[in-house]
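Single-letter residue listing:
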Amino acid sequence: MKIRQNYNLSKLNTFGINVNALFFVEINNETDLIELFTLPEFKNNKKIFLGGGSNVLFTKNFDGLVVWNKLKGIEILEAEKDFVFIRAMGGEIWHNLVMFAVNHGYWGIENLSLIPGTVGAAPMQNIGAYGAELRNVLENVEAYEIATGVKRVFSKEECELGYRDSVFKNKLKNKYFISAITLKLNKIGEKNISYKMLKEYLEKNKIEINNPKDISDAVVFIRQSKLPDPKIMGNAGSFFKNVFVSARNASQSEVGGEKGKLEELLEKYPDMPYFKEDGTTKIPAGWLIEQCGWKGRRIGNVGAHEKQALVLVNYGGATGEELMELANKIMTSVREKFGLELVPEVNIV
Ligand SMILES: Cc1cc2nc3c(=O)[nH]c(=O)nc-3n(C[C@H](O)[C@H](O)[C@H](O)COP(=O)(O)OP(=O)(O)OC[C@H]3O[C@@H](n4cnc5c(N)ncnc54)[C@H](O)[C@@H]3O)c2cc1C
């Protein structure tokens, strides 16, 4: 295991930000990991674990140790009549795990096809797309405590998965390294085509769903036509989370009851999209940003993408600070126009 110094990270973050790490190390197996905890470079510096770098924005050089997770392996642990348990190491590419599942005909993660990044980062923000989330299938998470090097298994409940959120982004932020996860997938067909855009695409193209691969193929097609490819234009997918708002309590009558922020906004913007889920109400951040005139707008090397305002892009040569300045300007516009606070989904380092 080799510790490198002043290591360039521009190819290890999908924004393509040109920064260096003071120290850098690659972890290829659990023996490396155990050794890592004993190294002075680890003990005496701040550190960050990196997978695919598809959900981070480096605003400056990192003056500590970057640990690059390359732990590989996917295994079927146990198969029951209807279910199968699959364990994947944290450094596996998430989409490869999806392909493993769909090629075996296992249902549950096909809607999450083509999300960039690694398996180990997936629980961090409970990755989600096209009507599915990791929490629907997660069984447990194996993680090493950074302070002690002791391994612990977190049950799904202990991971406290929420909308783009988990205990690892809150109470246990920077406290654990996720080494592996286990998923419980379905052997019996349970297609999830509730997501409007997916449903419309399948209907329009008369695609019949016979196996999880059919859904995966559709999701891959839609994603490729909608989102900028980070290899061509630096980005980290959605920069902000959708925004939670208060809404009139369902138990209150339609006309009575206290108005929430939702009703207040709908009076002013009757066409405003919103969606209700698990007792919460969210407004798409992309719509809010677009209404403030940011869609397709470019400032220097950075901008909000022309097809999806929620995706901030590096047109080439941008610094993390430039992207942060743009993000702050967008947050200010949304605050001033709607009185709502945008929260970054991307981890700012
Ligand atoms: C084009 C594009 C589309 C995207 N679409 C979606 C989408 O549809 N849905 C969605 O949810 N996300 C989406 N994302 C965001 C991103 O793909 C996910 O958040 C992904 O899980 C990040 O994985 P990563 O390995 O790249 O994480 P990184 O960016 O390397 O890390 C993200 C954070 O997790 C921490 N971390 C990483 N690995 C570990 C570990 N093993 N242990 C502890 N901490 C760790 C890092 O320190 C960092 O804080 C998209 C990104 C892009 C570029």
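The coordinates are above.
Residues numbered from 1 in each chain as written. Predicted model: local features only at pLDDT ≥ 70, side-chain atom pairs only at ≥ 80, totals over all residues. Heavy atoms only, no water.

**Quick look at helix H8 (residues 320-338)**
The periodicity of an α-helix, 3.6 residues per turn, causes residues three or four positions apart to be oriented the same way.
So, point 1. The end-to-end C-alpha distance of H8, which contains 19 residues, comes to 27 Å, matching closely the 27 Å that a straight helix rising 1.5 Å per residue would cover.
So, point 2. The complete set of buried residues in H8 reads Gly-320, Leu-323, Met-324, Leu-326, Ala-327, Ile-330, Met-331, Ser-333, Val-334 and Phe-338. (Helix = DSSP H or I, 4+ residues; strand = E, 2+ residues; numbered from the N terminus. Expected span 1.5 Å × (residues − 1). Buried < 20%, exposed > 50% of the residue type's maximum accessible area, 1.4 Å probe, protein only.)

**A look at the sheet that holds strand E11 (residues 151-155)**
So, point 1. Reading across the sheet, the 5 strands line up as E6-E7-E12-E10-E11 and stay open at both edges, with antiparallel pairing between neighbours. Looking at which strands have only one partner, the edges of the open sheet turn out to be strand E6 (74-79) and E11. Put simply, the sheet's adjacent strands are angled 20° from each other on average, direction ignored.
So, point 2. Two elements, strand E10 (residues 138-145) and E11, share 5 bridges in a ladder whose sense is antiparallel. Along E11, the bridge assignment pairs Val-141 with Phe-154. (Pairing = 2+ DSSP bridges. Axes fitted to C-alpha atoms, helices over the stretch in contact; angles between N-to-C directions.)

**Quick notes on the packing of aromatic side chains**
So, point 1. Within this structure, the stated rule accounts for 15 aromatic pairs.
So, point 2. On the numbers, 3.9 Å between centres and 10° between planes, the contact of Tyr-7 with Phe-24 is stacked. On the criterion of sequence distance, the pair formed by Tyr-7 in strand E1 (residues 4-8) and Phe-24 in strand E2 (residues 20-27) is long-range, its members being 17 residues apart.
So, point 3. Here Tyr-7 falls in the partly exposed class, since its relative accessible area comes to 26%.
So, point 4. On the basis of relative accessible area, Phe-24 is assigned to the buried category, the value being 0%.
So, point 5. Ring plane angle 75° and centroid distance 5.1 Å describe the contact between Phe-154 and Phe-168, whose orientation is recorded as edge-to-face. Pair noted here: Phe-154 is in strand E11 and Phe-168 is in the loop between E11 and strand E12 (176-186), with a separation of 14 residues, a long-range link. Side by side, Phe-154 and Phe-168 carry an identical accessibility label, which is buried.
So, point 6. In textbook terms, an aromatic cluster arises when at least three aromatic residues are bridged by ring pairs, as seen for Tyr-7, Phe-24 and Trp-68.
So, point 7. Above the ring of Phe-83, the side-chain terminus of Lys-184 is found at 4.2 Å from the ring centroid.
So, point 8. The side chain of Arg-297 reaches across the aromatic face of Trp-294, ending 4.2 Å from its centre. (Phe/Tyr/Trp six-rings, centres within 6.5 Å; stacked < 30°, edge-to-face > 60°. Lys NZ or Arg CZ within 6 Å of the ring centre and 35° of its normal.)

**Points about the side chain of Ser-179**
So, point 1. Within the fold, Ser-179 resides in strand E12.
So, point 2. Other than its neighbours up to four places away in sequence, Ser-179 contacts Glu-30, Leu-33, Leu-71, Met-89, Gly-90, Glu-142, Ala-143, Tyr-144 and Lys-151. (Contact = heavy atoms within 4.5 Å.)

**Some remarks on the pattern of salt bridges**
So, point 1. On inspection of all chains with the given rule, the structure shows 18 salt bridges.
So, point 2. Between Glu-75 and Arg-87 there is a salt bridge, and its shortest N-O distance comes to 3.0 Å. You can see Glu-75 sitting in strand E6 and its partner Arg-87 sitting in strand E7 (residues 83-89), a full 12 residues away along the chain.
So, point 3. The residue Lys-81 makes a salt bridge to Asp-82 at a minimum N-O spacing of 3.8 Å.
So, point 4. Relative accessible area serves as the criterion here: at 71%, Lys-81 is assigned to the exposed category.
So, point 5. Take Asp-82: its relative accessible area is 29%, and that puts it in the partly exposed class. (Salt bridge = Lys/Arg side-chain N within 4 Å of Asp/Glu carboxyl O.)

**Overview of the environment of Met-272**
So, point 1. If you trace the backbone, Met-272 turns up in the loop between helix H6 (261-268) and strand E15 (275-277).
So, point 2. Each C-alpha atom of the pair Met-272 and Trp-287 lies 7.9 Å from the other, and the pair is 15 residues apart in sequence.
So, point 3. Setting aside anything within four residues of it in sequence, one finds Met-272 in contact with Leu-262, Leu-265, Leu-266, Ile-283 and Trp-287.

**Digging into the nonpolar core**
So, point 1. Phe-240 and Leu-342 are the most contacted members of the largest nonpolar core, which totals 48 residues.
So, point 2. Per element, the largest residue contribution to this core is 8 residues, and it comes from H8.
So, point 3. With near-sequence residues (within four places) excluded, Phe-240 lies in contact with Ala-285, Ile-289, Leu-310, Leu-312, Ala-327, Ile-330, Met-331, Leu-342, Val-343, Pro-344 and Glu-345.
So, point 4. Listed in part, the 43 residues of the second largest apolar core include Ile-86, Leu-112, Leu-172 and Leu-183. (Core = buried A, V, L, I, M, F, W, Y, C linked by side-chain atoms within 4.5 Å.)

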